[in-house]
Amino acid sequence: MSAAETVRDGSVHDGLVKDRSVHDGSVRDGPVRERTPARRAAAAWHADPYVRALHAGRGPLFLRRTDGWMLPLDVERWCADADAADRTVLRRCQGPALDIGCGPGRLVAALALRGRPCLGIDVSQAAVARTVRAGGPALCRSVFEPLPGEGRWGTALLIDGNIGIGGDPQALLARVAQLIAPEGLLLVEAATVDVDERVRVRVDDGRGDVGTAFPWARVGVPALLHHARAVGWNPVEQWTARDRSFVSLRRTPPPPRSATER
Ligand SMILES: C[S@@+](CC[C@H](N)C(=O)[O-])C[C@H]1O[C@@H](n2cnc3c(N)ncnc32)[C@H](O)[C@@H]1O
(Lines give C-alpha, C1' and ligand atoms only; values in the text may rest on other atoms or scores of the structure.)
Protein backbone atom coordinates (compact mmCIF):
# COMPACT_ATOMS: atom_id res chain seq x y z
CA MET A 1 0.00 0.00 0.00
CA SER A 2 1.40 3.41 -0.91
CA ALA A 3 1.75 6.24 1.57
CA ALA A 4 -1.01 8.09 -0.26
CA GLU A 5 -3.35 5.17 0.02
CA THR A 6 -2.49 4.80 3.67
CA VAL A 7 -3.58 8.33 4.41
CA ARG A 8 -6.66 8.13 2.23
CA ASP A 9 -7.73 4.97 3.99
CA GLY A 10 -7.37 6.72 7.27
CA SER A 11 -5.42 3.69 8.45
CA VAL A 12 -2.64 4.37 10.86
CA HIS A 13 0.98 4.58 9.81
CA ASP A 14 3.22 5.36 12.76
CA GLY A 15 -0.04 6.03 14.59
CA LEU A 16 -0.21 9.25 12.58
CA VAL A 17 -3.43 9.64 10.65
CA LYS A 18 -6.73 8.97 12.36
CA ASP A 19 -8.65 12.03 11.25
CA ARG A 20 -11.83 10.96 9.45
CA SER A 21 -11.77 14.03 7.23
CA VAL A 22 -8.73 12.76 5.33
CA HIS A 23 -10.25 9.36 4.58
CA ASP A 24 -11.32 10.14 1.05
CA GLY A 25 -8.33 12.20 -0.06
CA SER A 26 -10.41 15.05 1.21
CA VAL A 27 -11.44 17.96 -0.99
CA ARG A 28 -13.89 19.42 1.45
CA ASP A 29 -13.87 22.35 3.73
CA GLY A 30 -15.79 20.82 6.61
CA PRO A 31 -18.53 22.61 8.50
CA VAL A 32 -18.69 26.39 8.52
CA ARG A 33 -16.20 27.53 11.09
CA GLU A 34 -15.86 30.57 13.26
CA ARG A 35 -14.39 33.55 11.39
CA THR A 36 -11.09 33.60 13.26
CA PRO A 37 -8.30 35.89 12.00
CA ALA A 38 -6.55 32.83 10.53
CA ARG A 39 -9.73 31.84 8.66
CA ARG A 40 -10.30 35.37 7.36
CA ALA A 41 -6.71 35.49 6.09
CA ALA A 42 -7.05 32.04 4.57
CA ALA A 43 -10.24 33.05 2.77
CA ALA A 44 -8.18 35.26 0.49
CA TRP A 45 -6.67 32.15 -1.17
CA HIS A 46 -10.17 31.09 -2.20
CA ALA A 47 -10.16 34.20 -4.39
CA ASP A 48 -10.99 33.70 -8.02
CA PRO A 49 -7.62 34.78 -9.46
CA TYR A 50 -5.80 32.01 -7.50
CA VAL A 51 -8.44 29.39 -8.31
CA ARG A 52 -8.39 30.33 -12.00
CA ALA A 53 -4.59 30.20 -12.13
CA LEU A 54 -4.58 26.74 -10.51
CA HIS A 55 -7.20 25.49 -12.96
CA ALA A 56 -5.20 26.85 -15.90
CA GLY A 57 -1.89 25.70 -14.40
CA ARG A 58 -0.31 29.06 -15.15
CA GLY A 59 -0.13 32.74 -14.26
CA PRO A 60 0.28 35.58 -14.45
CA LEU A 61 -0.39 35.87 -10.73
CA PHE A 62 1.00 38.22 -8.13
CA LEU A 63 0.78 39.17 -4.47
CA ARG A 64 0.03 42.87 -4.66
CA ARG A 65 1.06 45.07 -1.72
CA THR A 66 -1.05 48.06 -0.72
CA ASP A 67 1.65 50.35 -2.16
CA GLY A 68 1.16 48.67 -5.56
CA TRP A 69 4.38 46.61 -5.53
CA MET A 70 3.74 43.17 -7.08
CA LEU A 71 5.46 39.93 -6.11
CA PRO A 72 5.19 37.44 -8.99
CA LEU A 73 3.93 33.96 -8.00
CA ASP A 74 5.48 31.05 -9.87
CA VAL A 75 2.25 29.18 -10.63
CA GLU A 76 3.79 27.28 -13.57
CA ARG A 77 6.55 25.87 -11.35
CA TRP A 78 4.06 25.03 -8.59
CA CYS A 79 1.89 23.13 -11.08
CA ALA A 80 4.83 21.25 -12.65
CA ASP A 81 6.65 18.21 -11.28
CA ALA A 82 9.17 18.68 -8.49
CA ASP A 83 12.40 20.09 -9.94
CA ALA A 84 16.05 19.77 -8.94
CA ALA A 85 15.75 22.42 -6.20
CA ASP A 86 12.64 20.73 -4.83
CA ARG A 87 14.50 17.44 -4.77
CA THR A 88 17.10 18.94 -2.40
CA VAL A 89 14.15 19.46 -0.02
CA LEU A 90 12.59 16.05 -0.63
CA ARG A 91 15.93 14.31 0.06
CA ARG A 92 16.06 15.90 3.50
CA CYS A 93 12.58 14.81 4.60
CA GLN A 94 12.59 12.41 7.53
CA GLY A 95 9.63 10.32 8.65
CA PRO A 96 6.08 11.42 7.91
CA ALA A 97 6.09 14.82 6.17
CA LEU A 98 3.50 17.59 6.43
CA ASP A 99 3.54 20.12 3.56
CA ILE A 100 1.95 23.29 4.93
CA GLY A 101 0.29 25.33 2.18
CA CYS A 102 0.88 22.52 -0.33
CA GLY A 103 -0.75 24.40 -3.23
CA PRO A 104 -1.25 22.11 -6.24
CA GLY A 105 0.88 19.54 -4.47
CA ARG A 106 4.01 18.74 -6.48
CA LEU A 107 6.00 18.02 -3.27
CA VAL A 108 3.36 15.81 -1.67
CA ALA A 109 2.85 13.97 -4.96
CA ALA A 110 6.61 13.38 -5.27
CA LEU A 111 6.83 12.11 -1.68
CA ALA A 112 3.84 9.82 -2.17
CA LEU A 113 5.40 8.48 -5.37
CA ARG A 114 8.49 7.58 -3.34
CA GLY A 115 6.25 5.71 -0.87
CA ARG A 116 6.87 8.25 1.88
CA PRO A 117 4.10 8.95 4.40
CA CYS A 118 2.97 12.52 3.83
CA LEU A 119 0.06 14.93 3.89
CA GLY A 120 -0.50 18.28 2.22
CA ILE A 121 -2.73 20.86 3.84
CA ASP A 122 -4.06 23.95 2.16
CA VAL A 123 -6.97 26.34 2.68
CA SER A 124 -7.69 26.37 -1.05
CA GLN A 125 -10.08 23.64 -2.21
CA ALA A 126 -8.76 24.05 -5.76
CA ALA A 127 -5.21 23.43 -4.53
CA VAL A 128 -6.24 20.37 -2.53
CA ALA A 129 -8.19 18.97 -5.49
CA ARG A 130 -5.11 19.34 -7.73
CA THR A 131 -2.90 17.71 -5.11
CA VAL A 132 -5.20 14.70 -4.82
CA ARG A 133 -5.38 14.42 -8.63
CA ALA A 134 -1.56 14.48 -8.73
CA GLY A 135 -1.49 11.50 -6.36
CA GLY A 136 -0.78 13.29 -3.08
CA PRO A 137 -2.92 12.95 0.03
CA ALA A 138 -4.25 16.35 1.09
CA LEU A 139 -6.63 17.99 3.48
CA CYS A 140 -8.41 21.31 3.09
CA ARG A 141 -7.56 23.02 6.34
CA SER A 142 -5.65 25.93 7.80
CA VAL A 143 -2.37 25.27 9.60
CA PHE A 144 -3.86 27.18 12.54
CA GLU A 145 -6.71 24.69 12.93
CA PRO A 146 -6.50 21.25 14.58
CA LEU A 147 -4.60 18.81 12.32
CA PRO A 148 -4.01 15.07 12.25
CA GLY A 149 -0.83 13.84 13.89
CA GLU A 150 -0.11 16.98 15.91
CA GLY A 151 3.22 16.56 17.70
CA ARG A 152 4.20 13.53 15.59
CA TRP A 153 5.24 14.77 12.13
CA GLY A 154 8.87 13.91 11.31
CA THR A 155 9.20 16.82 8.88
CA ALA A 156 7.23 19.98 8.20
CA LEU A 157 7.64 21.96 4.97
CA LEU A 158 7.19 25.70 4.45
CA ILE A 159 8.23 26.07 0.81
CA ASP A 160 7.59 28.66 -1.94
CA GLY A 161 7.35 31.59 0.47
CA ASN A 162 4.94 29.83 2.83
CA ILE A 163 6.79 31.19 5.86
CA GLY A 164 4.59 34.20 4.95
CA ILE A 165 1.35 32.36 5.86
CA GLY A 166 -0.60 34.38 8.44
CA GLY A 167 1.70 37.39 8.15
CA ASP A 168 3.55 36.65 11.41
CA PRO A 169 6.54 34.29 11.00
CA GLN A 170 7.05 33.81 14.75
CA ALA A 171 3.40 32.82 15.26
CA LEU A 172 3.64 30.37 12.35
CA LEU A 173 6.93 28.91 13.58
CA ALA A 174 5.45 28.51 17.07
CA ARG A 175 2.44 26.72 15.56
CA VAL A 176 4.71 24.39 13.54
CA ALA A 177 6.56 23.54 16.76
CA GLN A 178 3.28 22.07 18.05
CA LEU A 179 2.90 19.97 14.92
CA ILE A 180 6.22 18.19 14.62
CA ALA A 181 7.79 15.53 16.83
CA PRO A 182 10.38 16.71 19.38
CA GLU A 183 13.20 15.53 17.08
CA GLY A 184 11.38 16.65 13.93
CA LEU A 185 12.82 18.74 11.15
CA LEU A 186 11.40 21.93 9.65
CA LEU A 187 12.46 22.80 6.10
CA VAL A 188 11.81 26.41 5.16
CA GLU A 189 12.38 28.32 1.94
CA ALA A 190 13.49 31.90 2.58
CA ALA A 191 13.37 34.90 0.25
CA THR A 192 16.60 35.29 -1.70
CA VAL A 193 16.89 38.94 -0.66
CA ASP A 194 17.62 40.24 2.84
CA VAL A 195 14.08 41.24 3.72
CA ASP A 196 11.92 41.13 6.86
CA GLU A 197 8.47 42.50 6.10
CA ARG A 198 4.93 41.99 7.32
CA VAL A 199 2.47 43.38 4.83
CA ARG A 200 -1.10 43.25 3.61
CA VAL A 201 -1.45 41.84 0.11
CA ARG A 202 -4.07 40.71 -2.38
CA VAL A 203 -3.85 37.94 -4.97
CA ASP A 204 -3.90 39.78 -8.30
CA ASP A 205 -3.75 38.46 -11.85
CA GLY A 206 -2.39 41.76 -13.18
CA ARG A 207 -5.47 42.13 -15.41
CA GLY A 208 -7.93 43.56 -12.91
CA ASP A 209 -9.03 40.40 -11.11
CA VAL A 210 -8.09 40.97 -7.47
CA GLY A 211 -8.84 39.02 -4.27
CA THR A 212 -9.42 40.32 -0.74
CA ALA A 213 -6.60 41.73 1.39
CA PHE A 214 -4.80 39.45 3.86
CA PRO A 215 -1.63 39.56 5.98
CA TRP A 216 1.55 38.09 4.52
CA ALA A 217 5.25 38.11 5.42
CA ARG A 218 8.52 37.83 3.51
CA VAL A 219 11.76 36.92 5.23
CA GLY A 220 15.27 36.37 3.94
CA VAL A 221 17.67 33.99 5.67
CA PRO A 222 18.91 36.41 8.40
CA ALA A 223 15.37 37.39 9.41
CA LEU A 224 14.21 33.78 9.28
CA LEU A 225 17.01 32.73 11.63
CA HIS A 226 16.18 35.63 13.97
CA HIS A 227 12.46 34.75 14.12
CA ALA A 228 13.19 31.03 14.43
CA ARG A 229 15.59 31.46 17.35
CA ALA A 230 13.10 33.77 19.10
CA VAL A 231 10.58 30.91 19.33
CA GLY A 232 13.01 28.08 20.11
CA TRP A 233 14.14 26.74 16.74
CA ASN A 234 17.82 25.96 16.06
CA PRO A 235 19.31 26.11 12.57
CA VAL A 236 20.71 22.83 11.28
CA GLU A 237 21.69 23.60 7.69
CA GLN A 238 21.42 26.31 5.02
CA TRP A 239 21.68 25.70 1.30
CA THR A 240 20.79 27.17 -2.06
CA ALA A 241 19.59 25.43 -5.19
CA ARG A 242 18.59 27.01 -8.51
CA ASP A 243 18.64 30.50 -6.96
CA ARG A 244 16.37 29.44 -4.11
CA SER A 245 17.40 29.59 -0.43
CA PHE A 246 16.54 26.99 2.17
CA VAL A 247 17.09 26.51 5.89
CA SER A 248 16.48 23.44 8.03
CA LEU A 249 15.67 23.81 11.72
CA ARG A 250 15.11 21.63 14.75
CA ARG A 251 13.73 22.24 18.22
CA THR A 252 16.57 20.31 19.82
CA PRO A 253 19.88 22.18 20.15
CA PRO A 254 22.71 20.92 17.93
CA PRO A 255 25.03 18.46 19.74
CA PRO A 256 28.07 20.15 21.34
CA ARG A 257 31.13 20.08 19.14
CA SER A 258 33.87 17.81 20.46
CA ALA A 259 37.23 19.31 21.48
CA THR A 260 38.86 17.93 18.32
CA GLU A 261 36.36 19.74 16.09
CA ARG A 262 37.01 23.16 17.64
C1 LIG B 1 2.71 31.00 -1.86
S2 LIG B 1 1.50 29.74 -2.15
C3 LIG B 1 2.58 28.33 -2.17
C4 LIG B 1 2.09 27.20 -3.01
C5 LIG B 1 2.69 25.84 -2.85
N6 LIG B 1 3.75 25.65 -1.94
C7 LIG B 1 2.88 25.14 -4.15
O8 LIG B 1 3.71 24.29 -4.30
O9 LIG B 1 2.13 25.42 -5.05
C10 LIG B 1 0.77 29.67 -0.54
C11 LIG B 1 -0.21 28.51 -0.33
O12 LIG B 1 -0.55 28.49 1.05
C13 LIG B 1 -1.94 28.30 1.19
N14 LIG B 1 -2.34 28.88 2.48
C15 LIG B 1 -2.54 30.19 2.80
N16 LIG B 1 -2.88 30.32 4.08
C17 LIG B 1 -2.88 29.06 4.62
C18 LIG B 1 -3.15 28.54 5.91
N19 LIG B 1 -3.48 29.33 6.93
N20 LIG B 1 -3.04 27.19 6.10
C21 LIG B 1 -2.71 26.36 5.06
N22 LIG B 1 -2.45 26.81 3.81
C23 LIG B 1 -2.54 28.13 3.59
C24 LIG B 1 -2.53 29.01 -0.03
O25 LIG B 1 -3.82 28.54 -0.35
C26 LIG B 1 -1.50 28.69 -1.10
O27 LIG B 1 -1.81 27.50 -1.79
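Residues numbered from 1 in each chain as written. Predicted model: local features only at pLDDT ≥ 70, side-chain atom pairs only at ≥ 80, totals over all residues.

Caption draft 1: Just the sheet that holds strand 1 (residues 62–65), in detail. Taken in spatial order, the four strands of this open sheet run 2-1-8-9, and their pairing is antiparallel. Every interior strand has two partners, whereas the edge strands, strand 2 (70–72) and strand 9 (214–219), have only one. The sheet shows a mean angle of 45° between the axes of neighbouring strands, direction not considered. Where strand 8 (residues 196–204) and strand 9 come together, six bridges link them in antiparallel fashion. Note on strand 9: the bridge partner recorded for R200 is P215. (Pairing = 2+ DSSP bridges. Helix = DSSP H or I, 4+ residues; strand = E, 2+ residues; numbered from the N terminus. Axes fitted to C-alpha atoms, helices over the stretch in contact; angles between N-to-C directions.)

Caption draft 2: How the structure looks around the packing of helix 3 (residues 48–56) against helix 7 (residues 125–133). Close contact between helix 3 and helix 7 brings their axes to 9 Å; oriented N to C, the two are set at 20°. Viewed along their axes, helix 3 and helix 7 adopt a mutual orientation that is roughly parallel. The handedness of the crossing between helix 3 and helix 7 is left-handed. Of helix 7, the residues touching helix 3 (which contributes V51, L54 and H55) are A126, A127 and R130. (Parallel < 35°, antiparallel > 145°, perpendicular 65-115°, else oblique. Left-handed = near helix turned anticlockwise from the far one by under 90°. Contact = placed C-beta atoms within 7 Å.)

Caption draft 3: View of the environment of N234. As for its position among the elements, N234 is in strand 10 (residues 234–241). Along the chain, N234 and R250 lie 16 residues apart, while their C-alpha atoms are 5.3 Å from each other. Not counting residues up to four positions away in its chain, the partners in contact with N234 are L249, R250, P253 and P254.

Caption draft 4: Quick look at the site of the ligand. Surveying the vicinity of the ligand reveals 24 residues, the closest of which are W45, W78, G101, G103 and D160. At the level of secondary structure, the elements contributing two or more residues to the shell around the ligand comprise helix 2 (37–43) and strand 4 (118–122). Here the residues of the shell around the ligand are counted per class, giving 14 nonpolar, seven polar and three charged. (Near = placed C-beta within 6 Å. Nonpolar A, V, L, I, M, F, W, Y, C, P; charged D, E, K, R; others polar.)

Caption draft 5: Up close: helix 5 (residues 84–92). Residues of helix 5 that are buried: D86, V89 and L90. In an axial view of helix 5, the angular spread of the buried residues amounts to 100°, which keeps them on one side of the axis. Helix 5 presents A84 and R91 as exposed residues on the side facing more than 90 degrees away from its buried surface. Among the structural elements, helix 6 (106–113), strand 6 (153–158), strand 7 (180–190) and strand 11 (244–250) are those in contact with the buried residues of helix 5. (Buried ≥ 20, exposed ≤ 12 C-beta atoms within 10 Å, placed from the backbone. Arc of directions from axis to C-beta.)

Caption draft 6: Representation of the nonpolar core. Residues A156, L157 and V188 are the most contacted members of the largest nonpolar core, which totals 68 residues. Ignoring any residue separated from it by four or fewer positions in sequence, one finds L157 in contact with V89, A97, L98, D99, I100, L107 and L187. (Core = buried A, V, L, I, M, F, W, Y, C linked by C-beta atoms within 7 Å.)

Caption draft 7: The pairing of strand 3 (residues 97–100), seen in detail. Of the two faces of strand 3, the one holding A97 and D99 and the one holding L98 and I100 are both buried throughout. Pairing geometry for strand 3 and strand 4, over four bridges, is parallel. Pairing of I100 across the sheet is with I121, part of strand 4. Note on the crossover from strand 3 through helix 6 to strand 4: the handedness is right-handed. (Right-handed = clockwise from strand over helix to strand, strands pointing away.)

Caption draft 8: The arrangement of helix 8 (residues 169–179) in detail. Regarding helix 8, the residues found buried are P169, L172, L173, R175, V176 and L179. When helix 8 is viewed along its axis, its buried side chains cluster within an angular range of 160° and face the same direction. Residues of helix 8 that are buried sit in contact with strand 3, strand 6, strand 7, strand 9 and helix 9 (221–230).

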